[in-house]
Amino acid sequence: MTNKTKKLAVFASGNGSNAEAIFEYFKHNADIEVSLLLSNKTDAFVIQRAQLHGIPVEVVTRDQFYHSDKVVALLKRKAIDLVVLAGFLWLLPGSLVKAYGGKIINLHPALLPKFGGKGMFGIHVHQAVLNAGEKETGITIHYVNENYDEGKIILQERCKIERDDKPEDIAKKVQQLEHRYYPKVIADIFRK
Ligand code: GAR
């Protein structure tokens, strides 16, 4: 534990490129630290990223996540001020949303309320955007409630879709926006 006053927890299930962008952004911040990386997968690459940054890691099982107070107790014990979902694909249980109401944010790789909801993650989102013939897409950063992709929107940023773009091309453009804006939004929330 350090004596930095503001603490955030990152929840992630996969590769963790956004988690990495957040770790880098706050590495030398005088007030804010990433105090926890929580994952639901023992082999998620994001765990290695966190370990390289010296960030404490916790892995939870589905049973612990939905049927115990392990996560809320951990967040309280570590005095976490903000929970940041970065590619974390489980719906949060009501008890967690209640305990951390207004202090949990999520990143979604499309312009909500379009292309959100269960099953809408990663490349599936970009494929759906293409199938719908959209001319633009982007990112949405929003507060989290008990439903997928529904809480109050904090920021949306857009990018253009070119005629011959594939889902992978869109993924690249969207990811650039994610890495550029998500850490800044987190810093802004702490400034308020
Ligand atoms: C990100 O594109 C994020 O927007 C998306 O998962 C990806 C995680 O990438 N989240 C969702 O789709 C939530 N519904 P990363 O592991 O490289 O940060």
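1. Side note on the overall build of the protein chain
Move 1: Helix and strand counts for the protein chain come out as 7 helices and 7 strands.
Move 2: Reading the protein chain from its N end, one meets helices and strands in the order β-α-β-α-β-α-α-β-α-β-α-β-β-α.
Move 3: In terms of overall dimensions, the protein chain is globule-like: its C-alpha atoms have a radius of gyration of 16 Å, near the 16 Å expected for 192 residues.
Move 4: Principal axes of the C-alpha set define a box for the protein chain whose edges measure 50 × 35 × 35 Å.
Move 5: Evaluated residue by residue, the protein chain yields a buried proportion of 46% over its 192 residues.
Move 6: Nonlocal contacts in the protein chain, meaning residues at least 24 apart in sequence, comprise 66% of its contacts between residues at least 6 apart.
Move 7: Taking the average location of the 27 positive side-chain charges in the protein chain and that of its 22 negative ones, the two points are 3 Å from each other.

2. With respect to the packing of aromatic side chains
The way to describe two aromatic rings as a pair is by their centre distance and the angle between their planes.
Move 1: For the structure on display, the rule yields 7 aromatic pairs.
Move 2: Centre to centre, the rings of Phe 65 and Tyr 66 are 5.2 Å apart; their planes meet at 90°, and the pair counts as edge-to-face.
Move 3: Exposure remark for Phe 65: the relative accessible area of 2% places this residue in the buried category.
Move 4: Assessed through its relative accessible area of 28%, Tyr 66 is described here as partly exposed.
Move 5: It is Lys 184 that lies over the ring of Tyr 181; its NZ or CZ is 5.9 Å from the centre.

3. Notes on the packing of helix 1 (residues 17-26) against helix 7 (residues 167-191)
Move 1: Between helix 1 and helix 7, whose axes approach to 9 Å, the crossing angle comes to 45°. By the criterion of interaxial angle, the relationship of helix 1 to helix 7 is oblique. Considering only the axes of helix 1 and helix 7, their crossing is right-handed. Residues Ser 17, Asn 18, Ala 21, Ile 22, Tyr 25 and Phe 26 of helix 1 form the contact with helix 7, whose participating residues are Gln 175, Glu 178, His 179, Tyr 182, Pro 183, Lys 184, Ile 186 and Ala 187.
Move 2: Grouping the constituent residues of the contact of helix 1 with helix 7 by class yields 8 nonpolar, 4 polar and 2 charged.

4. Here's the deal with unusual backbone geometry
Move 1: Leu 112 connects to Pro 113 through a cis peptide bond whose omega is 10°.
Move 2: By the secondary structure assignment, Pro 113 is in the loop between strand 5 (104-108) and helix 6 (122-131).
Move 3: Not every positive phi belongs to a glycine, and Ala 79 is a case in point at roughly 55°.

5. Brief notes about the pattern of salt bridges
Move 1: A full pass over the atoms with the stated rule returns 8 salt bridges.
Move 2: Linking Lys 114 and Glu 134 is a salt bridge whose minimum nitrogen-to-oxygen distance equals 3.2 Å. Of this pair, Lys 114 sits in the loop between strand 5 and helix 6 while Glu 134 is found in the loop between helix 6 and strand 6 (136-143), placing the two residues 20 residues apart along the sequence.
Move 3: Since its relative accessible area comes to 22%, Glu 134 is described here as partly exposed.

6. A closer look at the site of the ligand
Move 1: Around the ligand there are 13 residues in total, and Gly 16, Ser 17, Asn 18, Phe 121 and Glu 178 lie nearest to it.
Move 2: Between the ligand and Asn 15 there is a distance of 3.5 Å, counted from an oxygen atom to a side-chain nitrogen or oxygen.
Move 3: Take Ser 17: an N or O atom from its side chain is 2.6 Å from an oxygen atom of the ligand.
Move 4: Relative to its unbound accessible area of 450 Å², the ligand is 87% covered by the protein chains.
Move 5: When contributions to the shell around the ligand are tallied by element, the ones reaching two or more residues are helix 1, strand 5 and helix 7.

7. What to know about the sheet that holds strand 7 (residues 153-160)
Move 1: Taking strand neighbours across the sheet as the criterion, the 7 strands line up as 3-2-1-4-5-6-7 in an open arrangement whose pairing is mixed. With one partner strand each, in any of the chains shown, strand 3 (57-59) and strand 7 form the two edges of the open sheet. Strand-to-strand twist across the sheet, computed as the mean angle between neighbouring axes with direction ignored, equals 20°.
Move 2: Looking at chain direction, strand 1 (residues 6-11) and strand 4 (residues 82-85) are connected through 4 bridges and run parallel. Looking at the pairing, Ala 9 lines up with Val 83 of strand 4.
Move 3: Each of strand 2 (32-39) and strand 3 touches helix 2 (residues 45-52); the most contacted strand, strand 2, lies at about 150° to it.
Move 4: Helix 7 rests against strand 1, strand 2, strand 4, strand 5, strand 6 and strand 7 of the sheet, and its axis sits at about 30° to strand 6.

Cut-offs used in this document
Residues numbered from 1 in each chain as written. Predicted model: local features only at pLDDT ≥ 70, side-chain atom pairs only at ≥ 80, totals over all residues. Heavy atoms only, no water. Helix = DSSP H or I, 4+ residues; strand = E, 2+ residues; numbered from the N terminus. Rg over C-alpha atoms; globule rule 2.2 N^0.38 Å. Buried < 20%, exposed > 50% of the residue type's maximum accessible area, 1.4 Å probe, protein only. Contact = heavy atoms within 4.5 Å. Lys, Arg positive; Asp, Glu negative; His and termini not counted. Charge placed at Lys NZ, Arg CZ, Asp CG, Glu CD. Phe/Tyr/Trp six-rings, centres within 6.5 Å; stacked < 30°, edge-to-face > 60°. Lys NZ or Arg CZ within 6 Å of the ring centre and 35° of its normal. Axes fitted to C-alpha atoms, helices over the stretch in contact; angles between N-to-C directions. Parallel < 35°, antiparallel > 145°, perpendicular 65-115°, else oblique. Left-handed = near helix turned anticlockwise from the far one by under 90°. Nonpolar A, V, L, I, M, F, W, Y, C, P; charged D, E, K, R; others polar. Salt bridge = Lys/Arg side-chain N within 4 Å of Asp/Glu carboxyl O. Near = heavy atom within 4 Å. Polar contact = N/O pair within 3.5 Å; in protein donor to acceptor, adjacent residues only side chain to side chain. Areas by Shrake-Rupley, 256 points an atom, 1.4 Å probe, with all protein chains shown as cover. Pairing = 2+ DSSP bridges.

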